[in-house]
Amino acid sequence: MLRLSDSLGLSVQRLKIIVISLLLLCLLAVSASQITGAVHQKDALANLRFAHNLSRHGVLSLNDSSPYLPSNAREPLPNIVTGLHLRFVDLVTPDLTYRDLLQGEGSRQVKLVNLLWVALGLVATALIANRLLSNFLLVPLSISLVGLFFFSVPMFVDTLYTELQTAVLMLWASWYLLMAASKGGRLNFILAGLFLGLLSLTKAIFFYVSILLFVLLFLRVVWKPLKGKFYRFRLFPLMMVAGFSLAVMPWMLRNKLQLGTFQLTQRGGRVMYVRAIKNNMNNSEIPGAVYFWGPSFYRHASALLGFGAFPKDFQAGGRYQRINREESDFKQSDLEAVQAGRPQNATSYMRQGGAEVNRITIEATAKGIDDPYRYAESKVGDIGKRLILSDPWRHLSMTPLFMWRGIWSWPNEGVRILKSTSSYVILKDVLALVSYVSLLGLFLLGVIRRNAFFLSITVMPIGMILAYGFLSHNIPRYSSPAIPLMIISMAVLVDRISRHKSSLSDVNHFTMKS
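Just so we're clear, the structure is a prediction, and the values are computed from it rather than from any experiment.

Turning to the overall build of the protein chain, a few remarks are in order. Looking only at helices and strands, one finds 22 helices and 0 strands in the protein chain. Its C-alpha radius of gyration of 24 Å places the protein chain within 12% of the 24 Å reference for a compact globule of 514 residues. With the C-alpha coordinates of the protein chain rotated into their principal frame, the extents come out at 85 × 60 × 50 Å. Within the span of the protein chain, comprising 514 residues, buried residues form 52% of the whole. If you sum the accessible surface of the protein chain, you get close to 24,800 Å²; carbon and sulfur atoms cover 64% of it. Side-chain charges of the protein chain comprise 53 positive and 28 negative groups, with the mean position of each set lying 12 Å from the other.

It is worth spelling out unusual backbone geometry at this point. Of note, the bond from Ser 66 into Pro 67 is cis; its omega dihedral lies within 30 degrees of zero at 5 degrees. Along the chain, the position of Pro 67 falls in the loop between α2 (43-57) and α3 (77-92). A positive phi is found at Lys 42, a non-glycine position, where the angle reads about 45 degrees. Locating Lys 42 in the fold gives a position in the loop between α1 (2-33) and α2. You can call Lys 42 exposed: its relative accessible area is 58%. Here the phi dihedral of Arg 450 falls at roughly 55 degrees; this positive angle occurs in a residue that is not glycine. Tracing the chain through its elements places Arg 450 in the loop between α19 (422-449) and α20 (452-471). The partly exposed category is assigned to Arg 450, whose relative accessible area is 44%.

This part is about the packing of α19 against α20. Interaxial distance between α19 and α20 falls to 9 Å at its minimum, and their mutual angle equals 120 degrees. Relative to α20, the element α19 lies oblique. Relative to α20, the crossing made by α19 is left-handed. Contacts from Tyr 436, Leu 439, Leu 440, Leu 442, Phe 443, Leu 445, Gly 446 and Val 447 in α19 reach Phe 454, Leu 455, Ile 457, Thr 458, Val 459, Pro 461, Ile 462 and Ile 465 in α20. Taken together, the residues of the contact of α19 with α20 sort by class into 14 nonpolar, 2 polar and no charged.

We now examine the pattern of salt bridges. A complete count under the given rule lists 14 salt bridges for this structure. In this structure, Asp 90 and Arg 56 form a salt bridge, with 2.9 Å as the shortest nitrogen-oxygen distance. Of the two residues, Asp 90 sits in helix α3 while Arg 56 sits in helix α2, which places them 34 residues apart along the sequence. The residue Asp 429 makes a salt bridge to Lys 428 at a minimum N-O spacing of 2.8 Å. A cluster of three or more residues bridged by salt bridges with shared partners is formed by Asp 43, Arg 74, Glu 163, Lys 203 and Arg 477.

Here the protein chain averages 87 in pLDDT, while 91% of its residues score no lower than 70. Within the protein chain, helix α22 (residues 483-513) has the poorest average pLDDT of any element, 73, and helix α5 (residues 114-132) the best, 97. The low-confidence segment residues 226-231 (pLDDT under 50) makes 16 contacts with residues lying over four places distant or belonging to another chain. In this model residues 504-514 is a low-confidence stretch, pLDDT under 50, and it forms 0 contacts with partners more than four residues away in sequence or in other chains.

Here we come to the nonpolar core. The biggest cluster of nonpolar side chains holds 101 residues, and the ones touching the most others in it are Phe 151, Leu 196, Met 240 and Met 460. It is helix α8 (residues 163-183) that provides the largest number of residues to this core, a total of 14 residues. Residues Tyr 273, Met 281, Phe 292 and Ala 309 belong to the second largest nonpolar core, which totals 19 residues.

Now for the packing of helix α12 (residues 268-278) against helix α17 (residues 372-390). Running from N to C, α12 and α17 cross one another at 35 degrees; their axes reach a closest spacing of 7 Å. Our pair here, α12 against α17, has a crossing hand that is left-handed. Contacts from Gly 269, Arg 270, Met 272, Tyr 273, Ala 276 and Ile 277 of α12 reach α17 at Tyr 373, Glu 377, Val 380, Gly 381, Ile 383, Gly 384, Lys 385, Leu 387 and Ile 388. Tallied by class, the residues present in the contact of α12 with α17 amount to 9 nonpolar, 3 polar and 3 charged.

Taken as a whole, the second largest pocket encloses approximately 250 Å³ of empty space. For the lining of the second largest pocket, the secondary structure elements donating two or more residues are α1 and α5. With 6 residues, α1 is the single largest residue contributor to the lining of the second largest pocket. Across the lining of the second largest pocket, the residue classes break down as 9 nonpolar, 3 polar and 2 charged.

Turning our eyes to something else, we now look at a nonpolar patch on the surface. On the surface, Ile 211, Leu 212, Val 215, Leu 216 and Leu 219 cluster together into a nonpolar patch covering about 450 Å² of accessible area. Looking at the element boundaries, Leu 219 is found in helix α10 (residues 205-223).

With that settled, consider the side chain of Ser 182. Tracing the sequence through the fold places Ser 182 in helix α8. With relative accessibility at 16%, the residue Ser 182 sits in the buried group. A distance of 3.3 Å separates polar atoms of two side chains, one belonging to Ser 182 and the other to Arg 131.

This part covers empty space enclosed by the protein. Throughout the structure, instances matching the rule amount to 3 cavities of 30 Å³ or more. Estimates place the volume of the largest cavity at around 80 Å³. Forming the walls of the largest cavity are Asp 43, Asn 47, Arg 74, Glu 75, Pro 78, Asn 79, Tyr 161, Thr 162, Thr 202, Lys 203, Arg 267 and Arg 477. Where the lining of the largest cavity is concerned, the elements lending two or more residues are α2 and α3. The residue inventory of the lining of the largest cavity, partitioned by class, reads 2 nonpolar, 4 polar and 6 charged.

Our focus in this paragraph is α12. Of all 11 residues making up α12, 9 are buried, and the element is well covered by its neighbours. Within α12, burial applies to Gly 269, Val 271, Met 272, Tyr 273, Val 274, Arg 275, Ala 276, Ile 277 and Lys 278.

What follows concerns the packing of aromatic side chains. Given two aromatic rings, one states the distance between the centres and the angle between the planes to describe the pair. This model, assessed by the stated rule, comprises 18 aromatic pairs. Look at Tyr 176 and Phe 195: their rings are 5.6 Å apart centre to centre, the planes differ by 15 degrees, and that puts the pair in the stacked class. Of this pair, Tyr 176 sits in helix α8 while Phe 195 sits in helix α9 (residues 186-200), and the two are 19 residues apart along the sequence. You'll find Tyr 176 and Phe 195 in the same group, each marked buried. Three or more aromatic residues joined by ring pairs form one cluster here, namely Phe 207, Tyr 208, Phe 214 and Phe 244. Positioned over the ring face of Tyr 98 is Arg 49, at 3.6 Å from the centre of the ring. Geometry around Tyr 291 places Arg 299 over its ring, the cationic atom sitting 5.3 Å from the centre.

Criteria and cut-off values
Numbering of residues starts from 1 in each chain and follows the order in which that chain's sequence is written. Restriction of local features to residues with pLDDT of at least 70 applies here, the model being predicted, together with a cutoff of 80 or more for giving and counting side-chain atom pairs; totals for whole chains, interfaces and linings are based on all residues. Side-chain metrics rest on all non-hydrogen atoms present in the structure, leaving aside hydrogens and water. Numbering goes from the N terminus for both helices and strands, where a helix is a DSSP run of H or I of at least four residues and a strand is a run of E of at least two. As defined in this context, the radius of gyration uses C-alpha atoms, and a globule is described by 2.2 Å times the residue total to the power 0.38. Note on exposure labels: buried denotes an accessible area under 20% of the residue type's maximum, exposed denotes more than 50%, and partly exposed covers the range between, all computed with a 1.4 Å probe on protein chains only. In this description, accessible areas are obtained by the Shrake-Rupley approach with a 1.4 Å probe, and a residue is regarded as covered only by the protein chains that are shown. Positive charges come from Lys and Arg, negative ones from Asp and Glu, while His and the chain ends are left out of the count. One atom stands in for each charge, and that atom is NZ of Lys, CZ of Arg, CG of Asp or CD of Glu. Note on geometry: axes are C-alpha line fits, over the in-contact stretch for helices, and angles between N-to-C directions span 0 to 180 degrees. For classification, angles of less than 35 degrees are called roughly parallel, those exceeding 145 degrees roughly antiparallel, those between 65 and 115 degrees roughly perpendicular, and all remaining angles oblique. It is the rotation of the near helix from the far one that decides the hand of a crossing: anticlockwise by less than a right angle makes it left-handed, clockwise makes it right-handed. By definition, residues are in contact when any of their heavy atoms lie within 4.5 Å. Each residue receives one of three labels: charged for Asp, Glu, Lys and Arg, nonpolar for Ala, Val, Leu, Ile, Met, Phe, Trp, Tyr, Cys and Pro, and polar for the others, Gly being one of them. Here a salt bridge means any side-chain nitrogen of Lys or Arg lying within 4 Å of a carboxyl oxygen belonging to Asp or Glu. You can read pLDDT as the predictor saying how much it trusts each residue, on a scale of 0 to 100. As used here, the term nonpolar core means buried Ala, Val, Leu, Ile, Met, Phe, Trp, Tyr and Cys residues forming a set that is joined through side-chain atoms within 4.5 Å. A 1.4 Å probe that fits into a set of points on a 1 Å grid over the protein atoms alone but cannot get out defines a cavity; an open set with protein on both sides within 12 Å along at least five of seven lines defines a pocket, and lining residues are those with an atom within 4 Å of a point. Grid points are joined across faces, edges and corners, and a volume is the space filled by probe spheres set on the points. Patch membership requires over 30% relative accessible area and the absence of a salt bridge. Like charges are linked within 9 Å, and nonpolar side chains (Val, Leu, Ile, Met, Phe, Trp, Tyr) within 5 Å. Throughout this description, a polar contact denotes any pair of N or O atoms lying within 3.5 Å of each other; where both atoms belong to protein, one of them has to be capable of donating a hydrogen while the other can accept it, and for residues adjacent in sequence the pair is counted only when both atoms sit in side chains. Any Phe, Tyr or Trp ring, taking Trp's six-membered ring, that has another such ring centre within 6.5 Å forms a pair; planes under 30 degrees apart are called stacked, those over 60 apart edge-to-face, and the others tilted. The rule for a charge over a ring is simple: NZ of Lys or CZ of Arg within 6 Å of the ring centre, and within 35 degrees of the ring normal.

So this is what it looks like as structure tokens:
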């Protein structure tokens, strides 16, 4: 009888593995279908240049001709992986030039590297969901939602932006934090630290989030260790630091030796400066920002209630014109102001920031300063810090507005087999709100109940969201890597609530029978 029971249990487990494996393959196929030969845009072009120079010239550089000088203008890890992928592309289609990779079949070939990241991300999603969810039906459901609303969205897989890689590494870091919380073990702590380091080499903001996490861990184990394996050994946080250092130190030493700085990347200055000047928007512009950065259902509701904005408000001469960095009737003049380095001629806050960087770059070039762009990025970063510190209360009071902006990080364009209708946009906005609240709720439950499992999957996305909301202008894609863990958090809460209701139902049933 025991053998039969064991056999049935093993068969059910195998069936679950088969179901999840087939689901992962289907979602990977959907993701592959979203990759096209579309031209690379904006930051993705810089990532392509970095990867191409590494593949062809052995150096991470933004130069388009010799000499190819080393640079830290971009975080290295995604571009190293893409550079290695380009070596394999050369075996299939040799002699592809940089221009060949910009669009068409060459563009599609280089973006196929994203399937590696998608596969890793889906596996990590499945591991976390299977570990935390007691109701098996929620496991494939949560995996499907993560696949369709993140890993198959063109904005993440049909591009060389690095939000995809960030989400994948955050999932794996959370998985090893979860393993460390449940099983302990030196290796789990080392791997958790290693993936936090790899995250920092993908998005530099995680360097600061990770350092804060390490400090909190040390304070916790020194002050009053929690019960259980997670804090049983006080050396475990040191092991996380060791894993973290193993990842980031080689890159930091490279930057020091070749560029004279330990900085992971030079790109933070512009973001800090734009946030600083946006802090000074008029109070009358804030309702426009809430509207412009808000979800579809808020825009509809605000219009019905009579306090909504109108399209003309965001065009030249409109009351909210400075908020609009998107399509506008002054876009061309803004771009010309950026190119000329004349921030006084730019309308939008975003273009004012870009124009200021170019102004300082032009001046530095005229003075013969080495690497004028890096100099300008550092300079505007210093200006931004001074502006923020000159009025810290204003900065704090504006932070909720930028946190609001980060909530709505789910792209309007979904999987291409589904039309991005107004109904779809409203659905994904509602899902974004519910999952965002779930992530925050699960994190607070973890803090209140000292639940290391809840904290393991929420601490990194929460840290990222808070950091971007506090230190940057938080454009929507900045917070989008949190989407998979937001969805998993929502599933965990649903699972816990259903289990609680089920236990109450069992108690009532027992009482009635008695």
